[in-house]
Every structure is written in structure tokens, then in C-alpha cells.
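Observations on chain architecture
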Amino acid sequence: MSTALESYINRTVAIVTSDGRMIVGTLKGFDQTINLILDESHERVFSSTQGVEQVVLGLYIVRGDNVAVIGEIDEETDSTLDLGNIRAEPLNSVVH
């Protein structure tokens, strides 16, 4: 897994956590237990009744045991999204 994450260093990534949060930021580093260091990060809070709220987090660490999914964001496509008009149900927590 760590070699796959190396290609994401200094790129914008989206992380879905096991408690259903979506955090977007620039991946600055990680360790062998997939603890992630994000810079310029924010959480995208989804709602079925109003647009996506972006909560600024700044420099942020996500514990590896809380990472469910990580993927690279296409910044060009992401910048064209009108998050104020996107409606979605919040994600549920991962059940083991």
C-alpha cells in the first residue's frame, strides 16, 4: 500500500474515513500504518437538504485505522463543481 501512496505525495486526495467523513487535502506524508498528513485540508459535509458545506481543517492528521478509502482528486474537474447545489445523504459509518 505504501508504494501506491507515494505517487499521491503533494497531490490533492480525498479520504473517506470509517466514520463516514470525507476529507480533501494535499497529501504531505504517511507512515507504515497509513497515518496520513494532509495540508490545506477541509471536510466536505453532505446534506440531502442543502449544499455541501466545507469545513476548513488546515494541517490535519488522519489515523491509519480510520482510513476507509483514499483516492486522487482531479483538481481541474473538482474546481468546476458547484458544491452549493450538490445534495447527497451523509455516508454511514463502516460496520465491521
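For the structure, see preceding data.
As a starting point, this report considers the structure included with it. (Residues numbered from 1 in each chain as written. Predicted model: local features only at pLDDT ≥ 70, side-chain atom pairs only at ≥ 80, totals over all residues. Heavy atoms only, no water.)

Now for the sheet that holds strand β1 (residues 12-17). Spatial strand order, β4-β3-β2-β1-β5: 5 strands in an open sheet with antiparallel pairing. Where the open sheet ends on each side, the last strands, each with one partner, are β4 (53-62) and β5 (67-72). The sheet shows a mean angle of 25° between the axes of neighbouring strands, taken without regard to direction. (Pairing = 2+ DSSP bridges. Helix = DSSP H or I, 4+ residues; strand = E, 2+ residues; numbered from the N terminus. Axes fitted to C-alpha atoms, helices over the stretch in contact; angles between N-to-C directions.)

Another point: the nonpolar core. Grouped together as the largest cluster of nonpolar side chains are 11 residues: Leu5, Val13, Ile15, Ile23, Leu27, Ile34, Leu36, Leu38, Val62, Val67 and Ile70. Among the secondary structure elements, those contributing two or more residues to this core are β1, β2 (22-30), β3 (36-45) and β5. Ignoring anything within four residues of it in the chain, the contact list for Ile23 reads Val13, Ala14, Ile15, Thr17, Leu38, Ser41, His42, Glu43, Leu57, Tyr60 and Val62. (Core = buried A, V, L, I, M, F, W, Y, C linked by side-chain atoms within 4.5 Å. Buried < 20%, exposed > 50% of the residue type's maximum accessible area, 1.4 Å probe, protein only. Contact = heavy atoms within 4.5 Å.)

By the definition in use, this model includes 4 salt bridges. A salt bridge links Glu43 to Arg21, with the nearest nitrogen and oxygen atoms 3.1 Å apart. Linking Glu43 in strand β3 with Arg21 in the loop between β1 and β2, this pair joins segments that are 22 residues apart in sequence. Residue class for Arg21 comes out partly exposed when judged on its relative accessible area of 23%. (Salt bridge = Lys/Arg side-chain N within 4 Å of Asp/Glu carboxyl O.)

Here we come to the environment of Asp74. Its place among the elements puts Asp74 in the loop between β5 and α2 (75-80). Of note is the side chain of Asp74, whose polar atom sits 3.1 Å from the backbone nitrogen of Glu76. (Polar contact = N/O pair within 3.5 Å; in protein donor to acceptor, adjacent residues only side chain to side chain.)

Turning our attention to the side chain of Thr12. Along the chain, Thr12 turns up in strand β1. Here Thr12 falls in the buried class, since its relative accessible area comes to 13%. Among the polar contacts made by the side chain of Thr12, one reaches the side chain of Glu75 at a distance of 3.2 Å. Residues in contact with Thr12, not counting those within four places in the same chain, are Val24, Gly25, Thr26, Gly71, Glu72, Ile73 and Glu75.

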